[in-house]
Every structure is written in structure tokens, then in C-alpha cells.
Amino acid sequence: MVAISDLTAVRVNESGDQLYYDPNNDNNVYILKDGDTNNTPILITDYGTAAYGLYSDYSSSDYISKRQVAAVEETTYTNSEGNTVSGYVLGIYSTYGTTGNLDTSYELVYVSSSGVIDWGTSTYSTSESSIINAEPEFNEDLNGDGFIGFDESLLTQKTTDVT
């Protein structure tokens, strides 16, 4: 069992459930339920071993390749077998490319309450709208636009129809 004092917070100011990684053990990722340090950190696993690559940086001087789990929230979801279960949703960001020519992708994946990742629930997108649409599930502003979810006030009503 790992002690929370041996782990590093992914986001220091994250409220509610929190993510930690172990910089001394292949960056294994843990969930801390309710952010309560009295709770035992839950190791995120994949087929019986620690899930690999949830918090990685393979960047070099001329190429950037980062994949980082960034958000977690307890939820009820439909697993890949069609059952409604309790667990967590993870928000993962990936950045890759060369300086000045970076691409970003977003992924959501669900994890059982015991930490087993369910890749059959994974959704992937290169559109920032995918993370905006997921913000209400996390109850957080993940893209830093000051709004949780889609901000309808940005829309302009069309009052004419030109055909």
C-alpha cells in the first residue's frame, strides 16, 4: 500500500476527488476519494497491473509527446458490459508535435470503484468541444474559459433569413 505522502498531486487545487501520481514508480496514477487524505489511494489498474501511460512525458528537445490524466470525478456509468456501476470518470489530455505545431486530443474513460480501467468506455476526440461537453460531469471548468459546459451566451441569435 502506498502512502499519500509519497505521491504527487496532478492538480494541487482540484476539488472533490483528486488524482495523484507516483514519480518514483512509473508514474502510476491513483484516485483519492473526496480528496480526503484519510482515505486509501486507489491505484488505477489495467488487466491486473498499474495502468501504463496515464501520466507520461516522452518529450525531447525537438518533439513534444505528453499524455496526462487531468481530472477525476465519482459517478455512476454504464460499463462496457452494459451494467450500471459506480466508479469514476477520468479526463485525459494528450499533446504532441513540434514547438509551434502542437496537436491536442481529449479522452474520457471510466474506472470502476476499485480502480479497474474500462477501455471499452473510452471516447477520444481532437475537438475541444468534447472536453467542454464533459465539464458538467466533472463539475469543473477544465478548459479555463470561466464556464462549466457550453456557454450559450456566446451565441448570437439570427434574426433574418437570406435565401
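Note: the structure precedes this text.
Residues numbered from 1 in each chain as written. Predicted model: local features only at pLDDT ≥ 70, side-chain atom pairs only at ≥ 80, totals over all residues. Heavy atoms only, no water.

**Quick notes on the pattern of salt bridges**
Right, on to step 1. A full pass over the atoms with the stated rule returns four salt bridges.
Right, on to step 2. Across the pair Arg-11 and Glu-14 runs a salt bridge whose closest N-O atoms are separated by 3.8 Å.
Right, on to step 3. For Arg-11, a relative accessible area of 26% puts it in the partly exposed group.
Right, on to step 4. With a shortest N-O distance of 2.6 Å, Arg-67 and Glu-107 are connected by a salt bridge. Of the two residues, Arg-67 sits in strand β8 (residues 64-78) while Glu-107 sits in strand β10 (residues 101-112), which places them 40 residues apart along the sequence.
Right, on to step 5. A relative accessible area of 11% places Glu-107 in the buried class.
Right, on to step 6. Several salt bridges converge on common partners, so that one network encompasses Arg-11, Glu-14 and Glu-140. (Salt bridge = Lys/Arg side-chain N within 4 Å of Asp/Glu carboxyl O. Buried < 20%, exposed > 50% of the residue type's maximum accessible area, 1.4 Å probe, protein only. Helix = DSSP H or I, 4+ residues; strand = E, 2+ residues; numbered from the N terminus.)

**Details of the pairing of strand β11 (residues 117-125)**
Right, on to step 1. Here five bridges tie β10 to β11, and the two strands are oriented antiparallel to one another. Bridge pairing links Leu-108 to Thr-123 in β11.
Right, on to step 2. Here β10 hands over to β11 after four residues, with Gly-115 in that stretch at a positive phi of 100 degrees. (Pairing = 2+ DSSP bridges.)

**Regarding the packing of aromatic side chains**
Right, on to step 1. Scanning the entire structure with this criterion turns up three aromatic pairs.
Right, on to step 2. Look at Tyr-77 and Tyr-110: their rings are 4.8 Å apart centre to centre, the planes differ by 20 degrees, and that puts the pair in the stacked class. Remark: Tyr-110 occurs in strand β10 and Tyr-77 occurs in strand β8; sequence separation between them is 33 residues.
Right, on to step 3. Exposure remark for Tyr-77: the relative accessible area of 7% places this residue in the buried category.
Right, on to step 4. Ring geometry for Tyr-93 and Tyr-106: centres 5.5 Å apart, planes at 75 degrees, overall edge-to-face. Linking Tyr-93 in strand β9 (residues 84-98) with Tyr-106 in strand β10, this pair joins segments that are 13 residues apart in sequence. (Phe/Tyr/Trp six-rings, centres within 6.5 Å; stacked < 30°, edge-to-face > 60°.)

**Remarks on unusual backbone geometry**
Right, on to step 1. In this structure, Asp-26 is a non-glycine residue whose phi angle is positive, near 55 degrees.
Right, on to step 2. With respect to the secondary-structure elements, Asp-26 resides in the loop between β2 (18-22) and β3 (28-32).
Right, on to step 3. The phi dihedral of Asp-34 falls on the positive side, at around 60 degrees, and the residue is not glycine.
Right, on to step 4. Examined against the element boundaries, Asp-34 turns out to sit in the loop between β3 and β4 (42-43).

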